[in-house]
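Analysis of the macromolecular model
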Amino acid sequence: MENLPHETRDLFCPSLEEIARVLSDGMKSNFAEVKADVVDCPDLSEQPFTLACKGLGGNPKIVEVGGPPYLLPTVNREKVYDLRKIAAVVGSPSAFIIGAGAGPWPYANTNCEMAANLHLKNGETKNLTWIGKVNPDDGTNLAEQLPSDEMRHALLSNLYFSDGNPGQVLRVHCKRRTGSQDFITSIRTTLQNFYKEKPVGLGGTFLLKEGTAKHHVMPDFSSIPLNTDEELNTWLKFYNFSAPLVSVGTLVTADPGLDLRVQHFHTFSHHGEVGHYHIDTQPDSVEYLGYFTLGHSIHRIDRPVVTHQIGRD
Ligand code: ZN
């Protein structure tokens, strides 16, 4: 792939303190206990998060690459991206990158999920990215970490770029879900109700400390076209993953005309599970702890010219 089309917009950046107040108030409609505040970022390279960098600070950018139209109704196998090239295009050749995307099928020999977690740095890149596959023999979920020099992904991704520096972050701690929205949807819709058409973008990570959660993993590419969400959901494999689970990704509260996927988080664990987060499945006992920061800009890379709304959940 030679030239990558690139569009960019500034995002609205209220103070983290204001966002914490908005979430503390608004998320009470969905969780029995909500605490949102601004703290110095804990060392996210340690357990349980095990990210490639300690913090989320410095040059924060939300990046969306490709999109579901490259997967549906039929796969476009030309859409394989190198994260080093994406990083160069967005002006962050050295960057800490976390987020959700489709894994590198040319490496895995099958379509797969990716939870990106790497620090690109001249000569000393640290790549802790996970991929999740469906075992074709028994349908179980297979998780593995990519080799350090494998920095490709396919089809689509929603990534948070930063310098990985320490600094202040938004902490969101919720227990017991009483509403119908998952953790990320609750954050996004609460902010959307307050900031209306002003686009606020968050990137970061959250821990499912207690409970289980519904995830999907893409099996190998479908030999028949998938034309509806119903056909897509029949093709996808769904799993109930168990805490502790670490998820990485982005959300945006309004689409400034870039055909965005407004939220997308992928999960990894240290007990063999990697997939796409949907929602916790034990709401009475669930506990979430998230750390996020604001993206200052959004970068849209290789946006599909012909688009649709299938597969955005
Ligand atoms: Zn996904």
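So, here's what we can say about the structure. (Residues numbered from 1 in each chain as written. Predicted model: local features only at pLDDT ≥ 70, side-chain atom pairs only at ≥ 80, totals over all residues. Heavy atoms only, no water.)

Section: the overall build of the chain
This is how it is decided: The way it works is that DSSP assigns letters per residue, a run of H or I at least four long becomes a helix, a run of E at least two long becomes a strand, and they are numbered from the N terminus. With the radius of gyration taken over C-alpha atoms, the globule rule is written as 2.2 Å times the number of residues to the power 0.38. A simple rule labels every residue: compare its accessible area, found with a 1.4 Å probe on the protein chains alone, to the largest value its type can have, and call it buried under 20%, exposed over 50%, or partly exposed in between. Under the convention used here, a 1.4 Å probe and the Shrake-Rupley method define accessible areas, while residue burial counts only the protein chains that appear. Counting rule applied: Lys, Arg positive; Asp, Glu negative; His and chain ends not counted. All charge positions are set by atom: Lys at NZ, Arg at CZ, Asp at CG, Glu at CD.
Each helix and strand counted, the chain has 5 helices and 19 strands in total. Taken against the 2.2 N^0.38 rule, which gives 20 Å for 313 residues, the C-alpha radius of gyration of the chain at 18 Å falls within 12% of a compact globule. Dimensions of the chain, computed from the C-alpha atoms along their principal axes, are close to 45 × 40 × 35 Å. Buried positions account for 58% of the 313 residues belonging to the chain. Of the roughly 12,500 Å² of accessible surface on the chain, a fraction of 47% belongs to carbon and sulfur atoms. A distance of 3 Å separates the average location of the 28 positive side-chain charges in the chain from that of its 37 negative side-chain charges.

Thoughts on the coordination of the zinc ion
Rules: With water omitted from the atoms examined, metal sites may look incomplete; donors here are N, O and S atoms no farther than 2.8 Å from the metal, or 3.2 Å in the case of Na, K and Ca.
Only His264 (NE2), His266 (NE2) and His276 (ND1) from the protein coordinate the zinc ion, and they sit 2.0 to 2.1 Å from it. Expressed as a motif, the donor residue spacing for the zinc ion is H-x1-H-x9-H. Of this pair, His266 sits in strand β16 (residues 263-268) while His276 sits in strand β17 (residues 274-280); the two residues are 10 residues apart in sequence, bridging distant segments of the chain. Of the residues examined, His266 reaches a relative accessible area of 0% and is grouped as buried.

Focus on unusual backbone geometry
Residue Pro48 follows Gln47 across a cis peptide bond; omega there is 0°. Within the secondary structure layout, Pro48 lies in the loop between β2 (31-40) and β3 (61-66). Following Leu72, the chain continues to Pro73 via a peptide bond in cis, the omega torsion being 0°. Residue placement: Pro73 occurs in the loop between β3 and β4 (80-82). Notably, Leu155 is not glycine yet its phi reads approximately 65°, a positive angle. One non-glycine residue, Asp259, lies in the positive phi region at around 55°. Topologically, Asp259 is positioned in the loop between β15 (245-252) and β16. Its relative accessible area of 13% is what places Asp259 among the buried residues.

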